[in-house]
Amino acid sequence: MIKLTTPILRALVLALLLPLMTVAQAQEGTWRLNLKDADIRAFVTQVADITGYSFVVDPRVKGKVTVLSSAPMNKEEIYDLFLAVLQVHGFTAIPGEEVIKVIQQVDAKQNAEDLTRFERTPSEQLITRVIPVNNANALELVPILRPLVAKYGHLAGVAAANALIVSDHANNIRRIEEIVRDLDSPAEYEVEVIQLQEAWVGDMVTLLQELAPDELGRGGGGDPASRKFSVTADERSNRLILRGDKNFRDKMRGLIRQLDQPSASGGTTKVVRLSHGDAKGMAELLEGVMGEVVREAEGVEGGGSQRRNSTGFSVFADEGLNALVLRGEPSMMQEAEMIISQLDIRRAQVMIEAAIVEINDQLGTDLGIQVAAGDEGGSSTPVIGTNFNNVGRSLGDVITAILAESALAPAIGGITIGAGERNRDGISWGVLLQALSTSAAANLLSTPSIITLDNQESEIIVGQNVPFRTGQQATTGDGLSNPFTTIERRDIGLTLKVTPSISEDGLVRLVVEQTTEDVAASVENASDIVTNKREIKTTVLADDGETIVLGGLIKDNLRINKSKVPLLGDIPILGRLFSSESESREKSNLLVFLRPTIMLDKAKAIEVTDEKYSGLWDVNLGVRKKLGLPGEKELPPIESLFQGKKVEGAVTN
């Protein structure tokens, strides 16, 4: 084993570092520094040897550095180069009384620096300075200067001292001081407010920019950085705000005095064509809103003021062109146009799809026996029998059939068994057994859909126009025949009324009125048509594309009707010969489903239209397939509906 002494170890280390680091002394007091992928701590060591400064290195300071130097540099320049290299790698050096700390940049502003060891502050040295502001507001300069300060630096304004505190590199702080010096206008640059009496501030600013292009930045000459003049319009109070020196303000004031003259026509008239709104409704709204503005202005300007009332405003609606004619002073016109621009927007549309399902079930069972006997030979023709009118044929039908010696027609909907005889002695008898069972089921589905504007009521009716008799006269008062009947027609079927309202978060509020009405079957003792009616009136909320159910109108009726002969009808088994029983059950269920779809733009409306058109085409193909007719393979364009041509593949009568 070879034991390396300390001189030998140093020699080996230098031999390893020589390919990566070269420090050449060209002449007395100057150095050239060239490093390639050298350890940053070795770089600190070399700078310490050259400058004679003592360094304390933070353990987090790590990395490789590359420095290329072709010109000889003195100690101060070497230290500036050292600071620049540290900055590139996210580190910095903070000088103290005895040593210099090499730390991360993010921690630099929490450390105090001591620059007494330097004759001249290094340009890359992180320092903190207080910059006084003499004329401008220091707090207003903070947002302007903040982007110029490094992320690891600091910039703040002190209102009490009207000064700025900046932590950054020395050369960047010098740049900020120059900018503050340019922005810190002298006292003669003041702000002045001028109240216009006749002209409108918006037009006045445009005129002044044309008349003074150099001062207000409309011309091509002059240095943009030196322009410290501005004219700002305060439209709310019709005032101009001037900023500049005394000469500029005097010049602007003279121009304004000459331009602020009464209008030759005493007002301004303008025609505004509406794109989406309704002219009549918009005019009524503007009359109400602007009337309040006029009254407020008159109240402020009253109380002994001698100037004429210049706040008059009028609006007229041209419904033919859907346009508004506005007349008034410029300030009122400006406010009216702003209101119109915010209200005259494209309204959203809502497609409302409804699925109305009605299910009916009816079941009935009837069982009864009719018995009749009579003696025609007697003087009074005695008759005995059972008569139940809740099942099939009655006793009167049985007796009539016996006396007439004719067949008895069976009851509809079941089985009828009958027997009877009439002998020579005039004694007649008859028995009729009837068993009936009925059932009915219906499943009605209607899927209407309608598109309407936001906050606009829509209605769809699917049904028949049914006549109802309201009056009838067979004869007149003098006995002469003059019959007449009065009839009123009414829509019977499905009616859906919906008013949608769209909220800002895409929620749809639906005011729904749904009615289902149909003509009932014939009702006993009814003199005219009887209708069945189911109605829902409600207000619900639904998201875009969400399907909701409004509820079900359910009816479940059970009727049992039993007739019997006292005592005889209570006899077990045998009592069925002297009894009659009928039972019926009716169930009805009506469900209404709604699905709103919001259409905010043209693209959504086209998408919904194409979807409905494709559905119609699928129905046509299905019908043609059932009829054995050939169908087209491709869907024709929807524009073909409006070109006077029938859609190929559609079924026609």
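Residues numbered from 1 in each chain as written. Predicted model: local features only at pLDDT ≥ 70, side-chain atom pairs only at ≥ 80, totals over all residues. Heavy atoms only, no water.

1. Here we look at the overall build of the protein
Part 1 of the reasoning: For the protein, the count of helices and strands is 12 helices and 26 strands.
Part 2 of the reasoning: The buried share of the protein, reckoned over its 653 residues, is 32%.
Part 3 of the reasoning: In the protein, the proportion of contacts linking residues at least 24 apart, taken out of those at least 6 apart, comes to 63%.
Part 4 of the reasoning: Carbon and sulfur atoms provide 53% of the accessible area of the protein, an area that totals close to 39800 Å². (Helix = DSSP H or I, 4+ residues; strand = E, 2+ residues; numbered from the N terminus. Buried < 20%, exposed > 50% of the residue type's maximum accessible area, 1.4 Å probe, protein only. Contact = heavy atoms within 4.5 Å. Areas by Shrake-Rupley, 256 points an atom, 1.4 Å probe, with all protein chains shown as cover.)

2. Concerning a negative patch on the surface
Part 1 of the reasoning: Together, D278, E284, E287, D318 and E319 make up a region of like negative charge exposed at the surface.
Part 2 of the reasoning: Assignment of secondary structure puts D318 in strand β14 (residues 313–318).
Part 3 of the reasoning: Exposure remark for D318: the relative accessible area of 32% places this residue in the partly exposed category. (Patch = residues over 30% accessible without salt bridge, like charges linked within 9 Å, V, L, I, M, F, W, Y side chains within 5 Å. Salt bridge = Lys/Arg side-chain N within 4 Å of Asp/Glu carboxyl O. Lys, Arg positive; Asp, Glu negative; His and termini not counted. Charge placed at Lys NZ, Arg CZ, Asp CG, Glu CD.)

3. Observations regarding the sheet that holds strand β5 (residues 91–95)
By definition, the strands of a sheet pair up through backbone hydrogen bonds, in either a parallel or an antiparallel sense.
Part 1 of the reasoning: Pairing in this open sheet of three strands is mixed, and the strands run β3-β6-β5 from one edge to the other. Lying at the two open borders of the sheet, with one neighbouring strand each, are β3 (55–57) and β5. Averaged over all pairs of adjacent strands, the angle between strand axes in this sheet comes to 25°, irrespective of strand direction.
Part 2 of the reasoning: As paired strands, β3 and strand β6 (residues 100–104) are joined by three bridges and run parallel to one another. Note on β6: the bridge partner recorded for V57 is V102.
Part 3 of the reasoning: Contacts between helix α2 (residues 40–51) and the sheet are confined to β3 and β5, with β3 contributing the most and set at about 170° to the helix.
Part 4 of the reasoning: Of the strands in this sheet, β3, β5 and β6 are in contact with helix α3 (residues 75–88), which crosses β5 at around 135°. (Pairing = 2+ DSSP bridges. Axes fitted to C-alpha atoms, helices over the stretch in contact; angles between N-to-C directions.)

4. Section: the sheet that holds strand β13 (residues 268–273)
Part 1 of the reasoning: As summarised here, the arrangement of the three strands in space is β13-β15-β14, forming an open sheet in which the pairing is antiparallel. On the outer flanks of this sheet lie β13 and β14, each paired with one strand and no other. Put simply, the sheet's adjacent strands are angled 20° from each other on average, direction ignored.
Part 2 of the reasoning: Two elements, β14 and strand β15 (residues 323–328), share six bridges in a ladder whose sense is antiparallel. Along β15, the bridge assignment pairs S314 with R327.

5. Some points on the packing of aromatic side chains
Part 1 of the reasoning: The full count for this structure, using the stated rule, is six aromatic pairs.
Part 2 of the reasoning: Taken together, a centroid distance of 5.9 Å and an interplanar angle of 85° make the contact between Y53 and F118 edge-to-face. Placement of the pair is Y53 in the loop between α2 and β3 and F118 in the loop between β6 and β7 (126–132), with a sequence separation of 65 residues.
Part 3 of the reasoning: Residue Y53 is classed as partly exposed on the basis of its relative accessible area, which comes to 21%.
Part 4 of the reasoning: For F118, a relative accessible area of 12% puts it in the buried group.
Part 5 of the reasoning: Between Y79 and F118, the aromatic rings sit 5.3 Å apart at their centres with planes inclined by 35°, giving tilted as the arrangement. (Phe/Tyr/Trp six-rings, centres within 6.5 Å; stacked < 30°, edge-to-face > 60°.)

6. What to know about α3
Part 1 of the reasoning: Between its first and last C-alpha atoms α3 spans 20 Å; for 14 residues at 1.5 Å apiece the expected length is 20 Å, and the two agree.
Part 2 of the reasoning: Among the residues of α3, those classed as buried are I78, Y79, D80, F82, L83, V85 and L86.
Part 3 of the reasoning: Summarising the contacts, the buried residues of α3 are in contact with β2 (32–39), α2, β3, β4 (64–67), β5 and β6.
Part 4 of the reasoning: One side-chain oxygen of the residue at the start of α3 lies 3.2 Å from the amide nitrogen of E76, identifying that residue as N74. (Expected span 1.5 Å × (residues − 1). Polar contact = N/O pair within 3.5 Å; in protein donor to acceptor, adjacent residues only side chain to side chain.)

7. Quick look at the pattern of salt bridges
Part 1 of the reasoning: By the definition in use, this model includes 12 salt bridges.
Part 2 of the reasoning: Between D80 and R120 there is a salt bridge, with the nearest N and O atoms lying 3.6 Å from each other. Placement of D80 in helix α3 and of R120 in the loop between β6 and β7 is noted, with a sequence separation of 40 residues between them.
Part 3 of the reasoning: When the shortest N-O distance is used, the salt bridge between D250 and R253 registers 2.7 Å. Of the two residues, D250 and R253 both sit in helix α8 (residues 246–259), three residues apart, roughly one turn of that helix.
Part 4 of the reasoning: Among the charged side chains, a salt-bridge network with shared partners connects E192, K246, R249, D250 and R253.

8. Description of the pairing of strand β12 (residues 239–244)
The side chains of a regular strand alternate, residue by residue, between the two faces of the sheet.
Part 1 of the reasoning: The two faces of β12 differ: L240, L242 and G244 on one face are buried, but R239, I241 and R243 on the other face are not.
Part 2 of the reasoning: Where strand β10 (residues 190–195) meets β12, six bridges bridge the pair, whose relative direction is antiparallel. The residue of β12 that forms the bridge with I194 is L240.
Part 3 of the reasoning: The sheet contact formed by strand β11 (residues 230–234) and β12 spans five bridges and is antiparallel. Each residue of the ladder has a partner; that of S230, found in β12, is R243.
Part 4 of the reasoning: Linking β11 to β12, which pair antiparallel, is a turn of four residues; within it N238 sits at a positive phi near 55°.

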